[in-house]
Amino acid sequence: VESGGGPGPARRPTRLVSGAVGPVASAAPGGPMASVAGSRQPSVETLDSPTGSHVEWCKQLIAATISSQISGSMPTDSVSREYRALRDGNRLAQMEEAPLFPGESIKAIAKDVMYICPFIGAISGTLTVTDFKMYFKNVEREPHFVLDVPLGVINRVEKIGVQSHGDNSCGIEIVCKDMRNLRFAYKQEEHRLEIFQNLITRAFPLSHGLQLFAFTYKEKFPVNGWKVYDPMTEYKRQGLPNESWKISKINSMYELCDTYPAILVVPTSVKDDDLSRVAAFRAKGRVPVLSWIHPESQATITRCSQPLVGPNDKRCKEDEKYLQTIMDANAQSHKLFIFDARQNSVADANKTKGGGYESESAYPNVELIFLEIPNIHVMRESLRKLKEIVYPTIDESRWLSNVESTHWLEYIRMLLAGAVRIADKIESGKTSVVVHCSDGWDRTTQLTSLAMLMLDSYYRTIKGFQVLLEKEWMSFGHRFAMRVGHGDDDHADADRSPIFLQFVDCVWQMTKQFPAAFEFNELFLITILDHLYSCLFGTFLYNSEHSRIKEEIAARTVSLWSYINSQLDEFSNPFYVNYENHVLYPVASLSHLELWVNYYVRWNPRMRPQMPIHQNLKELLAIRTELQKRVEELQREAVTRSISSSSDRGSSPVATPVHTSV
């Protein structure tokens, strides 16, 4: 099995392996995939990775695999005779049938399509395209081979024509957003051409006047994930409002800033007129607003966009006073740190275009620190290089140098290092910080959410992490639609970038360094990333809270948290210990970071762990639950005995039960 389907109406929720959710057989080495892989010669790993024209390499690959399939070891006549007999019966039709979600419908089916697997060679089967997924199945193999891919993960589709044994055959390569490419070959017949036209139309619905599948998906869950985050509840948890900070509804109609949430926390003394003037001086109107406040020192993390200083060093007295007010709200410090995520040289270049940064002469008691993190275009190129070295083949002899050459881990290090500096100023320095980049919705969001994860143990729980994402990413306007390209066929769009993926990678790095500090497991993070692309849920759709309200996302789509919170055992870490009020400082050094193989290289069966890790974790979780129950029983028994003993003696004090966490 290459990958899994999704949560269905009558299916027990099980583990997620691929770009969807739901039941899937284990494909770890030593399991079914290994036995299949061992039965054929790998068709790609004996070839060099493409260094010249990628298209030419695809043509050669498809021609070679079609040829090998036609002249394979099994007699063609017997296979076709058996296949025809089965095809005419209901049994095979049922076996090949694609499982459907509530609301999902089949758009096209084509038989005798060949999937060119880079690990086990060419496989002939039936390809089904629905309005949500592409489903390929071969029932002649044991176990059955299934490829189940949400159309949302498709980045682009390229047709390649190949000549093989006198027949005009077509090849197609599907480039995915989740670190894999899929290749198919088929005869140039009308019904087969039709299925690939359907594939393109359904993979990019917005480019063809259609809606995303999330609006059609009708699954019912016992939990409503849209109720996970309520801004008033979250600010109340942080102790807000207080004498220094108020909850403002100046943006309730999204008129102050259409990319900010309706509810903002700003200094108590700031008037709405002054706030409007500050908004006019900040890029996209994104004024400094509170993200998090320390429960003891009252030091705060505030976020915003760059000031519109321009080449003539324009000033805004309301903005200068506003930052002074933020500093004064923290009585324990007479300084304010501004962390500008950008490279200093880039910030200077932005100044010539009307942007810029705060000069320390205009903002007294302010220290400006540039974190030197490259922009979205650099990150996109880095991920492209990473994909080249992990899929489909891995050069073992140059693995470490190849990973280093992508600079991916270096950028992960820079983000973690920046977040550690912010958290340390808050926790150790008891000093308030302001964080911004250019527009305040990419690097700013990465840094504030990572720092908050380090500072606040609540965000390290399953629900708390969901709140963190809803608050810092969704409500504060990270441009998910633009950065991911949901339903859009413009794969070359310069606005696409793996900003959220980088953040989740940083979180994973923290879970590796602090394995007992997070309530959630690795599957939780991978599930979130898979549904960043899938368009099954409404959680990551659109660019802002304003857009989601306008499109009635909460009423018209299902939340990812509905699915996750309905089966928490799947996503729970059995080693979790609630380190309440503990601040985490991950080591932001390349020597302590590693490539997230279980995500980036998961499609290669030779890189999968030999032991089924997720199943082991579930078993440990069950053992932990049983032990916890036993501890509670013993505590009750001890209390009962103590009371009994006390009554016998008449005056002995009642023993206090010991609270033990297993």
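In case you missed it, the structure is sitting above this.
Described in the following lines is the structure provided in the data block.

Parameters at a glance
- Residues numbered from 1 in each chain as written.
- Predicted model: local features only at pLDDT ≥ 70, side-chain atom pairs only at ≥ 80, totals over all residues.
- Heavy atoms only, no water.
- Phe/Tyr/Trp six-rings, centres within 6.5 Å; stacked < 30°, edge-to-face > 60°.
- Helix = DSSP H or I, 4+ residues; strand = E, 2+ residues; numbered from the N terminus.
- Buried < 20%, exposed > 50% of the residue type's maximum accessible area, 1.4 Å probe, protein only.
- Contact = heavy atoms within 4.5 Å.
- Axes fitted to C-alpha atoms, helices over the stretch in contact; angles between N-to-C directions.
- Parallel < 35°, antiparallel > 145°, perpendicular 65-115°, else oblique.
- Nonpolar A, V, L, I, M, F, W, Y, C, P; charged D, E, K, R; others polar.
- Pairing = 2+ DSSP bridges.

As enumerated under the stated definition, the model contains 38 aromatic pairs in all. Ring geometry for Tyr-186 against Phe-196: centres 4.3 Å apart, planes inclined by 25 degrees, an arrangement best described as stacked. With Tyr-186 in strand β7 (residues 181–187) and Phe-196 in helix α5 (residues 190–203), the pair connects residues that are 10 residues apart, well separated along the chain. The pair formed by Tyr-186 and Phe-196 is uniform in burial state, with each residue classed as buried.

Secondary-structure assignment places Thr-300 in strand β11 (residues 300–303). Residue classification places Thr-300 among the buried residues on the basis of a relative accessible area of 1%. Not counting residues within four places of it along the chain, the set of residues in contact with Thr-300 comprises Trp-245, Leu-290, Trp-292, Ile-293, Ile-326, Ile-426, Ser-432 and Val-433.

For any two helices packed against each other, one specifies the inter-axial angle together with the distance between the axes. At a minimum axis separation of 10 Å, helix α16 (residues 499–513) and helix α17 (residues 522–534) run at an interaxial angle of 175 degrees. In terms of orientation, α16 lies roughly antiparallel with respect to α17. Touching Phe-500, Leu-501, Val-504, Val-507 and Trp-508 of α16 are Glu-522, Leu-525, Ile-528, Leu-529, Leu-532 and Tyr-533, all from α17. Broken down by class, the residue content of the contact of α16 with α17 amounts to 10 nonpolar, no polar and 1 charged.

One open sheet accounts for 5 strands, arranged β10-β11-β14-β12-β13; its pairing is mixed. Each of the sheet's edge strands pairs with one partner strand only, and the pair in question is β10 (289–293) and β13 (366–370). With strand direction ignored, the average angle separating the axes of adjacent strands in the sheet is 25 degrees. Across 3 bridges, the pairing between β11 and strand β14 (residues 432–436) is parallel. The residue of β14 that forms the bridge with Thr-302 is Val-434.

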